[in-house]
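Results of the structural survey
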Amino acid sequence: MMENMRVVLLGVQLWSWAMVLTAAGCLAAALIQRSKRHHETNNRILRARSRRDEAICHAEQAVERHKESNPKTDSSLLSLSLSELVKSLKEESLHPEDVFYSYMEKALDVNRKLNCCTGVLVESFDQLENLNKEGLLYGVPVSIKENIGYKNHDSTCGLSMRLDQPAQKDSVLVEVLKSQGAIPFVKTNVPQTLFSAGCSNPIYGQTLNPHNHKKTPGGSSGGEVALVAAGGSQLGFGSDIGGSIRVPCSFCGICGFKPTGGRLSSLGVRATVPGTKPRQPSIGPIAKDVDSLALSMQALLCDRMFFLDPTIPPFPFNFQMYQSTGTLRIGYFEADGWVEPSPSMARALREVKGLLERAGHTLVPFKPVRVGTSLQELIMRGSLADGGTILKEVLKGDYVDPCIAQQAFLLCIPNLMKRILSILIKPWCPRVAQSLSVSSGFRSVSDLWKHDEEVKEYIYETIQEWRRCSMDVLLCPVFGPAYNAVNCGRASFAVSHAAVYNLLNFPAGVVPVSTVTSQDEEELKNYKGYYQDKMDKNFKQAVSGGEGLPVAVQCVALPWHDELCLRFMKEVEQLVRQNKKAGIDPVKSRRP
């Protein structure tokens, strides 16, 4: 009997040791595999940085050679507007080579200061020899966001696993730009995954705000906007799936436009999570003035684009609508009930409202429809319909950038745990609880179908309210001023001011109208927010220290009324300029 017990105990001990060794072996294998993945990631990143450095070196040498052979090139051409530049090129008072090399030199200089470019498109040097002089953008160097396809160049979305996968052909956008005589010459930086109000990734590093290097230029078109704002590009193109053009333009003080989704082709533009429906992606222009946005839209909405992508409605740009001068019936709101605007945001909107009223336009209050529901249940849950599975896959083996660390951590929590935590913390942190709940996605296909119907209902409900107010366009905030770079990952919830128009698929653009004052900063000290929770505190911290930074407003129109939206943006731009030129103190309207 005792002998049998000893045998059993020995067996148990051997089995236990076998389990321990197996577990240790599995752990060791996992660590080795992880180390191998990181080694491969490091090699990919090093190769990408080496390619960028070589291209930049090539460009620097080419610029120097051009300067030696053309010492009399007038650098003042950099101060011309887009329309002035095109006119001078067509009249041959400027040569495309001089313009190209001047902007290349400026872009390289800006990149050294801001780290906004992911690479030089060396093919652009050869393109100079074969430009379409009849094109609306003849001889204009243009910059493009990193995820916009250009033949033989990567479109990574800031993800190292997507390195060494160059595009096989140009995107439709690039092809049309070339057909119109434009010269895409650099690609610009983005945040990892594109889902961030910051602009940093493990491959190319962090891009700085040209107005304040402690601030972020915004995301996800942050590199593009920083380059244009600093004068390194006359015209840029980005993508917008939740404010990715409008937010950085607000942060950096220039104009940006998100057309109706489907107005411009997105073929060849890479997405982090392809196929998401709740937020309509849009490709749009970025420039220092509204006329430049309109000219770029006119150039792109041409037969070439309609041929290359037959899914695009074949409607040319309506210049008559853009140049119309009649008075407008303008809806407005100062706050959406989800995020209390910063003092500078609220003040800027009141000032613009006053200018519009003085110009003879009719301003009517508009109440946004169920913003919290639209942001959380319709946008966030729809965007994470799979519970974040694809996002986790694309981040696997990659380094996680600080600007998305909080989102990445949320993805690691099991869905069951998210639902439990959501119930437990709801009494104290309702918005955080809701974020946890919606990030688990859908439990069934029928839930997804139901969600699609809810989105349609929300769109029609908003349009019904719009019609009830008899509005032509809408004036509203766009969040800002620029975030502190260290806080941008914790304040992304404020995207409600921008993402809702992707859900609605309304055209929207931003126009800089003011700067943060010392009084704004004083008022910010008393900022509480609507919920007085961690999210409100994060927002306050993110926008603090913004004195002197740009502040913008947002202009919105109904779907397919892109030209009307741009016409409204132009009206705001002109009134603000006239007001500043006249030296009149801004109108301080009362809070509605």
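Everything below is about the structure shown above.
What comes next is a walk through the structure. Just so we're clear, the structure is a prediction, and the values are computed from it rather than from any experiment.

Looking now at the nonpolar core. Grouped together as the largest cluster of nonpolar side chains are 151 residues, with contacts concentrated most on Y483, Y501 and V572. In terms of residue count, helix α3 (residues 96-114) provides more of this core than any other element does, nine residues in total. Not counting the four nearest positions on each side in its chain, Y501 is found in contact with R246, K258, F333, L474, C476, F506, A508, Q554 and V556. Counting residues in hydrophobic clusters, the runner-up holds 11 residues, among them V225, V228, I245 and I286.

The next point concerns the pairing of strand β8 (residues 282-287). Burial analysis of β8 places six of its six residues in the buried class, which makes it a mostly covered element. When strand β6 (residues 235-240) meets β8, the two strands line up antiparallel, connected through five bridges. Bridging across to β8, D240 finds its partner in S282.

The next thing to look at is empty space enclosed by the protein. One pass over the full model with this rule turns up two cavities of 30 Å³ or more. What the largest cavity holds in volume is close to 110 Å³. F366, P368, V500, Y501 and L504 are the residues nearest the centre of the largest cavity, which is lined by 15 residues in total. Of all the elements in the fold, those that place two or more residues in the lining of the largest cavity are α17 (445-468) and α18 (496-504). Take the lining of the largest cavity: its biggest share by element is five residues, from α18. The class makeup of the residues in the lining of the largest cavity is 11 nonpolar, three polar and one charged.

Inspection of the entire model under this criterion finds 15 aromatic pairs. Ring geometry for F251 against Y483: centres 5.2 Å apart, planes inclined by 45°, an arrangement best described as tilted. In this pair, F251 is assigned in helix α7 (residues 246-252) and Y483 in the loop between β11 (473-477) and α18, connecting sequence segments 232 residues apart. Each member of the pair F251 and Y483 is classed as buried. Ring geometry for Y527 and F539: centres 5.7 Å apart, planes at 50°, overall tilted. Placement of the pair is Y527 in the loop between α19 (518-524) and α20 (534-543) and F539 in helix α20, with a sequence separation of 12 residues. For the pair formed by Y527 and F539, the shared burial category is buried.

Let's shift gears to the pairing of strand β10 (residues 362-365). Put simply, side chains in a regular strand alternate between the two faces of the sheet. Pairing geometry for strand β9 (residues 329-332) and β10, over four bridges, is parallel. Its bridge partner lying in β10, Y332 is registered against P365.

As for its placement among the helices and strands, Q541 is situated in helix α20. Placed 16 residues apart in sequence, Q541 and K525 show a C-alpha to C-alpha distance of 9.8 Å. Once you skip the residues sitting within four places of it in the chain, Q541 turns out to touch N484 and N487.

Applying the stated criterion across every chain yields a total of 29 salt bridges. A salt bridge links E465 to R468, with the shortest nitrogen-to-oxygen separation between them at 2.8 Å. Here R468 and E465 lie together in helix α17, a separation of three residues that amounts to about one turn. Overall, the relative accessible area of 18% leaves E465 in the buried class. A network of salt bridges, in which partner residues are shared, links R47, R51, D154 and D164.

On to the side chain of S160, then. Inspection of the secondary structure puts S160 in the loop between β2 (141-145) and α5 (172-179). Setting aside anything within four residues of it in sequence, one finds S160 in contact with T41, R44, I45, I203 and D398.

Conventions we followed
Residues numbered from 1 in each chain as written. Predicted model: local features only at pLDDT ≥ 70, side-chain atom pairs only at ≥ 80, totals over all residues. Heavy atoms only, no water. Core = buried A, V, L, I, M, F, W, Y, C linked by side-chain atoms within 4.5 Å. Buried < 20%, exposed > 50% of the residue type's maximum accessible area, 1.4 Å probe, protein only. Helix = DSSP H or I, 4+ residues; strand = E, 2+ residues; numbered from the N terminus. Contact = heavy atoms within 4.5 Å. Pairing = 2+ DSSP bridges. 1 Å grid on protein atoms, 1.4 Å probe; cavity = no way out; pocket = protein on both sides within 12 Å on 5 of 7 lines; lining within 4 Å. Points joined across faces, edges and corners; volume = space filled by probe spheres on them. Nonpolar A, V, L, I, M, F, W, Y, C, P; charged D, E, K, R; others polar. Phe/Tyr/Trp six-rings, centres within 6.5 Å; stacked < 30°, edge-to-face > 60°. Salt bridge = Lys/Arg side-chain N within 4 Å of Asp/Glu carboxyl O.

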